[in-house]
Amino acid sequence: MQDALREACALLQQGDIVALPTETVYGLAADAFNPTAVAKVFAAKERPSFDPLIVHIAARGDLKTVAKVPDEIAEIVDKLTHAFWPGPLTLILPRHPDVPDIVTSGLPTVAVRQSAHPVFRAVNKALGHPIAAPSANRFGSISPTSASAVTKELGDRIPLIVDAGACSQGVESTIISIEPRAGKKPVFRLHRAGPITKEQLQEFGKVEKAREAVGQVVLAPGQLASHYAPRTPLILLENPQDFHPEDGKRYGLLSYTGDDDGPYVTLHDWECIEALSPGSGKLAEAAIRLFFVMRTLDEAGLDAIIAEPVSETGLGVAIMDRLRRAAVANKSHPA
Ligand code: AMP
Ligand code: MG
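For every chain, the first residue of the written sequence is number 1, and numbering continues from 1 along that sequence. Labels follow written order: the first chain is A, the first ligand is 1, and so on. With the structure being a predicted model, the display of local features is reserved for residues of pLDDT at least 70 and the display and counting of side-chain atom pairs for 80 or more, all residues being used for whole-chain, interface and lining totals. In computing side-chain values, all of the structure's heavy atoms are included and hydrogens and water are not.

Draft legend 1. Local environment of the side chain of histidine 56. Put simply, DSSP H or I for four residues or longer makes a helix, DSSP E for two residues or longer makes a strand, and each gets a number counted from the N terminus. Position of histidine 56 among the secondary structure elements: in strand 3 (residues 54–56). Pairing of N or O atoms within 3.5 Å defines a polar contact, subject to two protein rules: one partner must be a possible hydrogen donor and the other a possible acceptor, and residues neighboring in sequence count only if both atoms are side-chain atoms. Side-chain polar atoms of histidine 56 contact the backbone oxygen of isoleucine 54, separated by 3.4 Å. What makes two residues a contact is simply this: any of their non-hydrogen atoms within 4.5 Å. Here histidine 56 is in contact with Arg113, Ser115, Phe120, Asn124, Pro130, Ile131 and Ala133, once residues within four sequence places are set aside.

Draft legend 2. Representation of the pattern of salt bridges. Any carboxyl oxygen of Asp or Glu that lies within 4 Å of a side-chain nitrogen of Lys or Arg is treated as forming a salt bridge with it. This model, assessed by the stated rule, comprises 20 salt bridges. Glutamate 246 is the partner of lysine 249 in a salt bridge, and the nearest nitrogen-oxygen pair spans 3.5 Å. Burial classes: relative accessible area under 20% of the type maximum marks a residue as buried, over 50% as exposed, and values in between as partly exposed (1.4 Å probe, protein chains only). Residue classification places lysine 249 among the partly exposed positions, given a relative accessible area of 38%. Of the charged contacts, one joins aspartate 321 and arginine 322 as a salt bridge, the two residues approaching to 2.6 Å between their closest N and O atoms. For aspartate 321, a relative accessible area of 16% puts it in the buried group.

Draft legend 3. Structural view of the sheet that holds strand 12 (residues 234–236). Pairing between strands is defined by DSSP: at least two bridges between the two strands are required. The strand order 12-15-13-14 describes an open sheet built from four strands, whose pairing is parallel. Looking at which strands have only one partner, the edges of the open sheet turn out to be strand 12 and strand 14 (272–275). Along the sheet, successive strands turn relative to each other by an average axial angle of 20°, direction set aside. Across three bridges, strand 12 lies against strand 15 (residues 304–307) in parallel orientation. Note on strand 15: the bridge partner recorded for isoleucine 235 is isoleucine 306. For every element, the axis is a line fit to its C-alpha atoms; helices are fit only across the contacting stretch, and the angle between N-to-C directions ranges from 0 to 180 degrees.

Draft legend 4. The arrangement of the nonpolar core in detail. Definition of nonpolar core: a set of buried residues of the types Ala, Val, Leu, Ile, Met, Phe, Trp, Tyr and Cys, connected through side-chain atoms within 4.5 Å. Counting 44 residues, the largest nonpolar core has Leu63, Leu80, Leu89, Leu91, Phe188 and Leu201 as the members making the most contacts within it. Broken down by secondary-structure element, the contributors of at least two residues to this core are strand 2 (27–31), helix 2 (35–45), helix 3 (63–66), helix 4 (71–84), strand 4 (89–94), strand 5 (109–113), helix 7 (147–154) and strand 7 (174–181). The residues contacting phenylalanine 188, other than those within four sequence positions of it, are Ile76, Leu80, Ile176, Ser177, Ile178, Leu201, Phe204, Gly205, Lys206, Val207 and Glu208.

Draft legend 5. Spatial organisation of the packing of helix 1 (residues 2–13) against helix 6 (residues 118–127). It is the contact of helix 1 with helix 6, at a shortest axis distance of 9 Å, that shows an interaxial angle of 45°. When the interaxial angle is binned, helix 1 and helix 6 end up oblique. The element helix 1 and its partner helix 6 pack so that their crossing is right-handed. Facing Leu5, Ala8, Cys9, Leu12 and Gln13 of helix 1, the residues of helix 6 in contact are Val119, Ala122, Val123, Ala126 and Leu127. Residues belonging to the contact of helix 1 with helix 6 are distributed by class as follows: nine nonpolar, one polar and no charged. Oblique is the label for any angle not under 35 degrees, not over 145, and not in the 65 to 115 range, which are roughly parallel, roughly antiparallel and roughly perpendicular in turn. It is the rotation of the near helix from the far one that decides the hand of a crossing: anticlockwise by less than a right angle makes it left-handed, clockwise makes it right-handed. Ten residue types, Ala, Val, Leu, Ile, Met, Phe, Trp, Tyr, Cys and Pro, are classed as nonpolar, four, Asp, Glu, Lys and Arg, as charged, and the remainder, Gly among them, as polar.

Draft legend 6. Layout of the pairing of strand 2. Along strand 2, five of the five residues are buried, which leaves the element largely enclosed by surrounding structure. A two-sided burial pattern is seen for strand 2, the buried positions comprising Gly27, Ala29 and Asp31 on one face and Leu28 and Ala30 on the other. As judged from the three bridges shared by strand 1 (residues 18–20) and strand 2, these two strands associate in the antiparallel manner. Looking across to strand 2, one finds that valine 18 is bridged to alanine 29. Sheet analysis places strand 2 next to strand 6 (residues 131–132), joined by two bridges and oriented antiparallel. From the neighbouring strand, aspartate 31 faces strand 6, where its bridge partner is isoleucine 131.

In structure tokens, the structure reads:
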């Protein structure tokens, strides 16, 4: 592993891109201060230039090198970063002028977090610069939670994939921006649901939906309704009675627990069933397995994937968000 870390660092130093594990999903990394390197990330992913990247810092103290934290939110930023960093919480903050335009898609703000993954942290620290890293998949496709998933997505386009096994969280970081309120706890605008839950954030402030735009300024770019899409159509079946299978078609079930007696498993003679949290129904396990299970079903040659909803509390909010986006994507691009 030491050799892989050294090689990753050398590649980043010379302006190349590498896939690195994070605790959320595998990231496609570039030196955030090198715009030519960052351009390679957009090219490899075929990501549109209006979709900004998250910047990862090696230590909390490096925040000032990428963001200018206004006095009104300095205290809450301190509290949040002490509570949740290193970890899967991304903060949108006013950007430091040293951060290249290409990283933020020209926005006056930058999205920043500190990864908790030991491999990512080691490379970040050794590089001595922040790392810009979106998920290591082709744009719009399922995020990779293993090195083999990265190989399938981008293997022929990047010089190195550092393999550190499966990701421990499985869904992308929670993204918030912060609005101070005089004499009251701040409002957190939730740009993307993720592993740090609304319930956890509520201890520090009021959580509200992100506004899409103020005037002409887009505040939540990249959060396209259609995202995380398998190639096979995915139907999120909120009510089992709404399932009307067509003769001769092959359907697979993306189940929560895979319970033999449950209303979804017994609904149809499924071609295959994949459970997010087999047996026990734990949301944390479901989050870790979500993209893996979506990929497995996508590779099963089905006509459609039928997804069972999970309860929309805690981590279930992030899981349902990803399932809805996968379902919307299929509607706009019928297979
Ligand atoms: P990814 O790196 O693929 O997990 O996606 C990063 C996401 O972070 C983008 O798609 C945006 O939705 C969000 N993001 C990054 N920078 C900003 C920013 N400055 N303002 C608002 N959202 C951002
Ligand atoms: Mg992504």
